[in-house]
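Next come the chains, spelled out residue by residue.
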Amino acid sequence: EKLREYLEEHFVVLKLDTSGIATAYIFRTRGLIYSNRGEWNEAIEPYQTAMEYAPTQSYIVVELANNYAVLDETDTAIQLLTDALERNPSDTAVLFKLATTYQSNGNVERAYEYYSRCLDVDRNNMLCLSWLGGLQWQDGDFATAMVNLKRAVELGSKDPVDFWQL
């Protein structure tokens, strides 16, 4: 709260920021600094404040959800992402984060669902192709995995696991 008051008092750009994006970016950056230090709990408040200023910016939602996921607050992360999808069902960043969140928590069926939805929106989404291919490889569906992993590499994936699985 003190940071918000200081910023609003001292920065003219914030006073001119009628859309809230610049203000949101400042708080998002603060959250990112905490996240990069591994201070997940401390990152929550700046991200939440950033969302107040720019609730439709999915990158903020994804980063906040990541913090909750790291803190084993998966239900909160999933709810944030689901709410963001209601606003924009075609947001590939949110679809990808939902898929990886479900996958990391052992819900492979939901992970498949969200990777597929992501690829329905953007069939050339390198991350979704890569992670879906890896999941298919783990499940023993090598032929389908190879198609997705090969496509991810063609699109520029530098992930050594993609190359190894090919």
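Look up: the structure comes first, before these words.
Residues numbered from 1 in each chain as written. Predicted model: local features only at pLDDT ≥ 70, side-chain atom pairs only at ≥ 80, totals over all residues. Heavy atoms only, no water.

*Asks:* Looking at this model, I keep getting lost on the side chain of N148. Mind explaining?
*Replies:* Relative to the helices and strands, N148 is located in helix 10 (residues 142–154). When its relative accessible area of 11% is taken as the criterion, N148 is described as buried. Within polar-contact distance, the side chain of N148 engages the side chain of Q136 at 2.7 Å. Non-local contacts of N148, meaning those with residues more than four positions away in its chain, are made with L129, L132, G133 and Q136. (Helix = DSSP H or I, 4+ residues; strand = E, 2+ residues; numbered from the N terminus. Buried < 20%, exposed > 50% of the residue type's maximum accessible area, 1.4 Å probe, protein only. Polar contact = N/O pair within 3.5 Å; in protein donor to acceptor, adjacent residues only side chain to side chain. Contact = heavy atoms within 4.5 Å.)

*Asks:* Got a minute to help me understand the nonpolar core in this structure?
*Replies:* In a soluble, globular protein the nonpolar side chains are often hidden away together inside. With 37 residues, the main nonpolar core has I60, L64, L81, V94, L98, Y114 and Y115 as its most contacted residues. Sorting the residues of this core by element identifies helix 3 (21–36), helix 4 (40–53), helix 5 (58–70), helix 6 (74–87), helix 7 (92–104), helix 8 (108–121) and helix 9 (126–138) as the ones contributing at least two each. (Core = buried A, V, L, I, M, F, W, Y, C linked by side-chain atoms within 4.5 Å.)

*Asks:* Sorry if this is basic, but what is going on with the state of the cysteines here?
*Replies:* Note on terminology: a disulfide is the covalent bond linking the sulfur atoms of two cysteines. This model, assessed by the stated rule, comprises one disulfide. The side chain of C118 participates in a disulfide bridge whose partner is C128; the two sulfur atoms lie 2.4 Å from each other. A torsion of 90° about the S-S bond marks the disulfide between C118 and C128 as right-handed. In this pair, C118 sits in helix 8 while C128 sits in helix 9, placing the two residues ten residues apart along the sequence. Comparing C118 with C128 shows no difference in burial state: the two are buried. (Disulfide = S-S within 2.5 Å.)

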